[in-house]
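# Residue-level structural notes
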2 protein chains.
Amino acid sequence: METVSTNKSFGGTQGVYKHASATTGTEMTFSVFVPDHAEGAKLPVLWYLSGLTCTHANVTEKGEFRRACAEAGIIFIAPDTSPRGPDLQGNDVPDDAEGAYDFGLGAGFYVNATQAPFSAHYKMRDYIEKELPELVAQHFPVDMERQGISGHSMGGHGALTISLRNPGRFRSTSAFSPIVSPINCPWGHKALGGYLGADQAAWAEYDACALIDGGARLPDLLVDQGEGDNFLTEQLKTHLLREACDRAGQPATIRLQPGYDHSYYFISTFMADHIAWHAERLKG
Amino acid sequence: METVSTNKSFGGTQGVYKHASATTGTEMTFSVFVPDHAEGAKLPVLWYLSGLTCTHANVTEKGEFRRACAEAGIIFIAPDTSPRGPDLQGNDVPDDAEGAYDFGLGAGFYVNATQAPFSAHYKMRDYIEKELPELVAQHFPVDMERQGISGHSMGGHGALTISLRNPGRFRSTSAFSPIVSPINCPWGHKALGGYLGADQAAWAEYDACALIDGGARLPDLLVDQGEGDNFLTEQLKTHLLREACDRAGQPATIRLQPGYDHSYYFISTFMADHIAWHAERLKG
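Residues numbered from 1 in each chain as written. Chains lettered and ligands numbered in written order. Predicted model: local features only at pLDDT ≥ 70, side-chain atom pairs only at ≥ 80, totals over all residues. Heavy atoms only, no water.

What follows is about the relation of the copies chain A and chain B. Once turned by 180° and shifted 0.0 Å along the axis, chain A lies on chain B with an RMSD of 0.0 Å. Considering both components of the superposition, the chain copies are consistent with a two-fold axis. Relative to the rotation axis, the closest C-alpha in chain A is found at A:Lys62, a distance of 2.7 Å. When the interface residues of chain A are mapped onto chain B, 100% of them are again interface residues, pointing to one common binding face. (Least-squares fit on C-alpha atoms with pLDDT ≥ 70 in both. Contact = heavy atoms within 4.5 Å.)

In structure tokens form, the structure reads like this:
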């Protein structure tokens, strides 16, 4: 692991790091904020998965999470959203993956791709569930018994599905404007079709609503969704998650926020709320 | 004035606007955050002037000012740092102004240039002191009797010098890592030499230390400066401001912050402190 940069911020250290990932076969970059803490202390961790087109940098620069994390003593980790590299920008991946904002680079969808050529590198599920946590546990003062997970849009989908598939692993799960059911939206059809193939049976483990319908449960979850979000009706379809939770008796706090859109102006507004919600569960 | 974008954030509206500036002869862009407020209310205003290479966007995205401004009921305005336009990218301005980060585009230094070709457009002093306040007063619910001013680096220089030259206009003045004495640093020599010519007599009204030495006074001022700032020794020279204030009996709170650098990771850390400091003076 190599340190790209560190900056003191809110009393702690905002770092950016990169490493050669065995999972994706590429160099991967991620950011970690470590609050000021007593020597030898292990801190709870909040994972934040980003949305389409994003890298680690978007939330790191615009997320406004550091004050709340510093106050709560929570480490905040922001991975990238896909493998990247010259050999993924044209050789291995059809043109579509290079040019489209919603497939390929910046759009890994937190799946393990099974379809060539994507199956060679697009293994973001294993990267987030296995490789990166191991790396982080080696290098940062994290208490892996106290993990929470959140994310935005495609990353909200990632947070919900990863948590639902790994019961007990995350004490707290939240999302900002998540894609709640890729099976039921154009972004999902394009991504899951491309990475996993046309057989939708393989898609269910990457669909939060399908996972809940299939019996997966969390202690609770928190979702904030802007009512002024341009993607709400066609892509995000928050009501499908509410309906799935209602059917299943899955406890869920799903809040529609009037006037807010899909941007970091929305996310930053409610970030401290989410961190407080995670802190209650991670530190309780 | 034309609206470029508006986003709901922290209960208020973060907008970006542009207009044809008579002062600079170019289109100018700026951002305004208006907190949620009672209909008909007029709110105090905090001006924030940005540093070298910046536009309105840097602080708007990374400054983390909205929560504190929303809570205090303060409008936050971020202008651009220079005129911009195709005719300033090669025709009117020597190559240096195009290529350098510290002169020309993004580096207006809040002066009225007197030297050709810059004198045609680089009138950032008049733009910030006259034209933009008039425009803002027409279009936003601002109480112009309650204005504060702040800024970062070159913008900290701008905030200090504009406030010192306009006694009584700003109830509160602060700066993050300001260039305190352009007369005494390479950035200042390059910029003031280029915009104002070699005669340093013309530079004094653009030098906070020289203004204080010349008798200009403020009720008080607040400065935060990172001790880990790479520009501290050669360019910023905070000690010169401390010495000028000591000589003059100018009240000043000048804080050195161990470990912090010149970036928005530093600025965002202390932004809420500054806003609270301004709020005390703007709302007291």
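Read on for the rest.
Where interface size is given, it is often the accessible area lost as the parts come together that is meant. Listed by partner, the interface residues are 22 residues for chain A and 22 residues for chain B. Buried area between chain A and chain B, both sides added, is near 2000 Å², and the carbon and sulfur share of it is 47%. Summed over the three residues of chain A that lose the most area to chain B, namely A:Lys8, A:Glu64 and A:Tyr265, the buried surface amounts to 35% of that side. In this assembly, chain A and chain B are joined by 2 salt bridges. (Buried area = accessible area lost by both parts, 1.4 Å probe. Salt bridge = Lys/Arg side-chain N within 4 Å of Asp/Glu carboxyl O.)

Further remarks concern helix α6 (residues 186–196) of chain A. All names here are of chain A. Looking at α6, one finds that the buried residues are Trp187, Gly188, Ala191, Leu192, Tyr195 and Leu196. Down the axis, α6 shows its buried residues gathered within 105° of arc, on one side only. Considering only its buried residues, α6 is in contact with α8 (232–236). Just past α6, the residue glycine 197 takes up positive phi, approximately 95°. (Buried < 20%, exposed > 50% of the residue type's maximum accessible area, 1.4 Å probe, protein only. Helix = DSSP H or I, 4+ residues; strand = E, 2+ residues; numbered from the N terminus. Arc of directions from axis to C-beta.)

This part is about helix α5 (residues 154–165) of chain A. The periodicity of an α-helix, 3.6 residues per turn, causes residues three or four positions apart to be oriented the same way. Residues and elements named next belong to chain A. Across its 12 residues, α5 extends 16 Å between first and last C-alpha, which sits within 8% of the 16 Å expected from 1.5 Å per residue. Taken across its 12 residues, α5 has 12 buried, putting it largely inside the fold. Of all the positions in α5, only Met154, Gly155, Gly156, His157, Gly158, Ala159, Leu160, Thr161, Ile162, Ser163, Leu164 and Arg165 are classed as buried. On its buried face, α5 sits against β4 (43–49), α4 (124–139), β6 (142–151), β7 (172–176), α7 (208–213) and α9 (238–248). (Expected span 1.5 Å × (residues − 1).)

On to the sheet that holds strand β1 (residues 2–9) of chain A, then. Pairing in this open sheet of 9 strands is mixed, and the strands run β1-β2-β3-β5-β4-β6-β7-β8-β9 (chain A) from one edge to the other. The two strands at the open ends of the sheet, each matched to only one other strand, are β1 and β9 (253–257) of chain A. In this sheet, adjacent strand axes meet at a mean angle of 20° when their direction is disregarded. Here strand β2 (residues 12–20) of chain A runs beside strand β3 (residues 27–34) of chain A; their pairing, made up of 8 bridges, is antiparallel. Paired with A:Ala20 across the bridge in β3(A) is A:Glu27. Against the sheet, helix α10 (residues 264–283) of chain A contacts β4, β5 (75–79), β6, β7, β8 (222–226) and β9 of chain A, and its axis sits at roughly 175° relative to β7(A). Here helix α10 (residues 264–283) of chain B sits on the sheet in contact with β1 and β2 of chain A, set at roughly 30° to β1(A). (Pairing = 2+ DSSP bridges. Axes fitted to C-alpha atoms, helices over the stretch in contact; angles between N-to-C directions.)

Attention shifts here to the nonpolar core. Judged by nonpolar contacts, the single largest core of 48 residues is most densely connected at A:Phe30, A:Phe109 and A:Tyr195. With 6 residues, the single largest contributor to this core is α4(A). Setting aside anything within four residues of it in sequence, one finds A:Phe109 in contact with A:Leu52, A:Thr81, A:Asp102, A:Met154, A:His157, A:Ile179, A:Trp187, A:Ala191 and A:Tyr195. Listed in part, the 47 residues of the second largest apolar core include B:Ala113, B:Tyr122, B:Ile128 and B:Ala191. (Core = buried A, V, L, I, M, F, W, Y, C linked by side-chain atoms within 4.5 Å.)

Residue and element names in this part refer to chain B. Within strand β8 (residues 222–226), 5 of the 5 residues are buried, leaving the element largely enclosed by the surrounding structure. Of the two faces of β8, the one carrying Leu222, Asp224 and Gly226 and the one carrying Val223 and Gln225 are both buried. Taken together, the 3 bridges between strand β7 (residues 172–176) and β8 define a ladder with parallel strand orientation. Counted as the bridge partner of phenylalanine 176 is aspartate 224 from β8. Strand direction decides the pairing type here: β8 and strand β9 (residues 253–257), joined by 5 bridges, are parallel. Considered in β9, the bridge of glycine 226 is made with glutamine 257.

On to the packing of aromatic side chains, then. Residue and element names in this part refer to chain A. Counted by the stated rule, this structure contains 34 aromatic pairs over all chains. Taken together, a centroid distance of 5.6 Å and an interplanar angle of 90° make the contact between phenylalanine 118 and tyrosine 195 edge-to-face. On the criterion of sequence distance, the pair formed by phenylalanine 118 in the loop between α3 (95–99) and α4 and tyrosine 195 in helix α6 is long-range, its members being 77 residues apart. Judged by relative accessible area, phenylalanine 118 falls into the buried class, the value being 6%. With centroids separated by 4.8 Å and ring planes inclined at 45°, the aromatic side chains of tryptophan 187 and phenylalanine 231 adopt a geometry described as tilted. Here phenylalanine 231 lies in the loop between β8 and α8 and tryptophan 187 lies in helix α6, a separation of 44 residues in the sequence. One cation-aromatic arrangement involves arginine 66 over phenylalanine 65; the distance from NZ or CZ to the ring centre is 4.9 Å. (Phe/Tyr/Trp six-rings, centres within 6.5 Å; stacked < 30°, edge-to-face > 60°. Lys NZ or Arg CZ within 6 Å of the ring centre and 35° of its normal.)

All names here are of chain A. In total, this model carries 28 salt bridges over all chains according to the counting rule given. Here aspartate 273 makes a salt bridge to arginine 255, at a shortest N to O gap of 3.3 Å. You can see aspartate 273 sitting in helix α10 and its partner arginine 255 sitting in strand β9, a full 18 residues away along the chain. The partly exposed category is assigned to aspartate 273, whose relative accessible area is 39%. Within the structure, one salt-bridge network assembled from shared partners comprises Arg125, Glu129, Arg165 and Glu205.

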